Amino acid sequence: MRDIKIPEQRHPEKAHRPDNAQPKKPNWIRVKAPSGEGYNKTRKIMRENKLVTVCEEASCPNAGECWSQGHATMMIMGDICTRGCTFCNIATGRPDTLDAFEPGRVADAVQKLGLNHVVITSVDRDDLEDGGAAHFAQTIRAIRHRAPDTTIEILTPDFLKCGPDALETVVAARPDVFNHNLETVPSLYPQVRPGARYFHSLRLLQRVKELDPSIFTKSGIMVGLGEDRQSVGQVMDDMRAADIDFLTIGQYLQPTPKHHAVDRFVTPEEFAGYETAAFGKGFLMVSATPLTRSSYHAGDDFARLRANREAKLANA
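Please read all numbers here as calculations on a predicted model, not as lab measurements.

Caption draft 1: Summary view of the overall build of the chain. Across its full length, the chain holds 12 helices and 10 strands. Against the globule reference of 20 Å for 316 residues, the chain gives a C-alpha radius of gyration of 19 Å, in line with a compact fold. Once the C-alpha set of the chain is aligned to its principal axes, its extents read approximately 50 × 50 × 45 Å. Sorting the 316 residues of the chain into buried and exposed places 53% on the buried side. Restricting to contacts in the chain with at least 6 residues of sequence separation, those with at least 24 account for 76%. When the accessible surface of the chain is split by element, carbon and sulfur atoms take 52% of a total near 14600 Å².

Spelled out as structure tokens, the structure:
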């Protein structure tokens, strides 16, 4: 029986890769271990509702802070991914069948946590004809029913092996924010994200805006993988050409020695420079810090995103 808590079984595709040194983290990366009443309450609700979180599966450094405030990013469609990206700590393999009752359990957890804003993500499900699009739509509708005042942000796979109707199914459910991460610069895709295609991901986000211009679009990249400033600037330009509203940039952290090596730790001053450049290129919202992740402070950032669009429309 496979045990995905054991690294060799969690990442069979990486088991025979040579080890990469894991450099010591600088002071600006260090975070406190998770604890406290709020953290324990969130953890209890996740367990009672039999839900998976990307916070745990991807070893997010912000889990303690977010869970203490009741903010957990729920990961639907299981905890095993059909892709084997070299940066990611989520288990790789053959997923289980979809759980038809999961959307209801997610909605129940959102209601119990009293969330104003929720982020729902998933593993890649290349084994499904629609990539899990209908399951995303059902989850969105379930949350709307149980927690109608909660705004919904989704972080989806790329639906690379699906027809165009997969994306249309998700957009028709009308999430408030549609997020899909580009993850890195195009030159690093063969090393970092070999199962994906850079321009397909860009086109996916552009298509969301064409289908429903009212939906905010969002995407993020990691730095410290081996990219340079010029290539990051080009990704920003590509995103703006695709009419993406919100950009996140965070430091890549290596989960295990078998994962892609950390090229360097980008300084907070460099992140501030990326943020200034991105706002200058026309993004409505930018989050660029070493600890930024797709769903980090997502609720507060959504409020600012919405306010920035209203201000832009008022000044048009």
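Caption draft 2: Structural view of the pattern of salt bridges. Overall, the coordinates contain 20 salt bridges when judged by the stated rule. Between K44 and E48 there is a salt bridge, with its nearest N and O atoms 2.4 Å apart. With K44 and E48 both in helix 2 (residues 37–48) and 4 residues apart, the pair spans about one turn of that helix. Its salt-bridge partner being D212, residue R174 comes within 3.1 Å of it at the nearest N-O pair. Here R174 is found in the loop between helix 7 (164–172) and strand 7 (177–179), whereas its partner D212 is found in the loop between helix 9 (198–211) and strand 8 (216–223), with 38 residues between them in sequence. Assessed through its relative accessible area of 48%, R174 is described here as partly exposed. Where salt bridges share partners, they join R83, D124, D126 and D158 into one cluster.

Caption draft 3: Highlighting the sheet that holds strand 8. Within the open sheet, the 8 strands sit side by side as 1-2-5-6-7-8-9-10. Their pairing is mixed. One side of each edge strand has no neighbouring strand; the edge strands of this open sheet are strand 1 (52–53) and strand 10 (285–288). Two strands pair when backbone bridges link them, and strand 7 and strand 8 are joined in this way by 3 bridges, in the parallel orientation. What sits directly across from V177, in strand 8, is F216. Here helix 10 (residues 229–241) sits on the sheet and contacts strand 8 and strand 9 (246–251); the angle it forms with strand 8, its principal contact strand, is near 170 degrees.

Caption draft 4: Spatial organisation of helix 11 (residues 268–280). In this model, helix 11 (13 residues) spans 18 Å end to end at C-alpha, consistent with the 18 Å of a helix rising 1.5 Å per residue. Buried within helix 11 are the following residues: E270, F271, Y274 and A278. In an axial view of helix 11, the angular spread of the buried residues amounts to 100 degrees, which keeps them on one side of the axis. Residues of helix 11 that are exposed and angled more than 90 degrees away from the buried face: E269, T276 and G280. The inward-facing, buried residues of helix 11 contact strand 8, helix 10, strand 9 and strand 10. G282, located one to two residues past helix 11, shows a positive phi value of around 110 degrees.

Caption draft 5: Layout of the side chain of T248. Within the fold, T248 resides in strand 9. Take T248: its relative accessible area is 5%, and that puts it in the buried class. Residue contacts for T248: discarding those within four places in its chain leaves K218, S219, G220, I221, S287, T292 and S294.

Basis of the calculations
- Residues numbered from 1 in each chain as written.
- Predicted model: local features only at pLDDT ≥ 70, side-chain atom pairs only at ≥ 80, totals over all residues.
- Heavy atoms only, no water.
- Helix = DSSP H or I, 4+ residues; strand = E, 2+ residues; numbered from the N terminus.
- Rg over C-alpha atoms; globule rule 2.2 N^0.38 Å.
- Buried < 20%, exposed > 50% of the residue type's maximum accessible area, 1.4 Å probe, protein only.
- Contact = heavy atoms within 4.5 Å.
- Areas by Shrake-Rupley, 256 points an atom, 1.4 Å probe, with all protein chains shown as cover.
- Salt bridge = Lys/Arg side-chain N within 4 Å of Asp/Glu carboxyl O.
- Pairing = 2+ DSSP bridges.
- Axes fitted to C-alpha atoms, helices over the stretch in contact; angles between N-to-C directions.
- Expected span 1.5 Å × (residues − 1).
- Arc of directions from axis to C-beta.

All we've got here are geometric facts, nothing functional implied.
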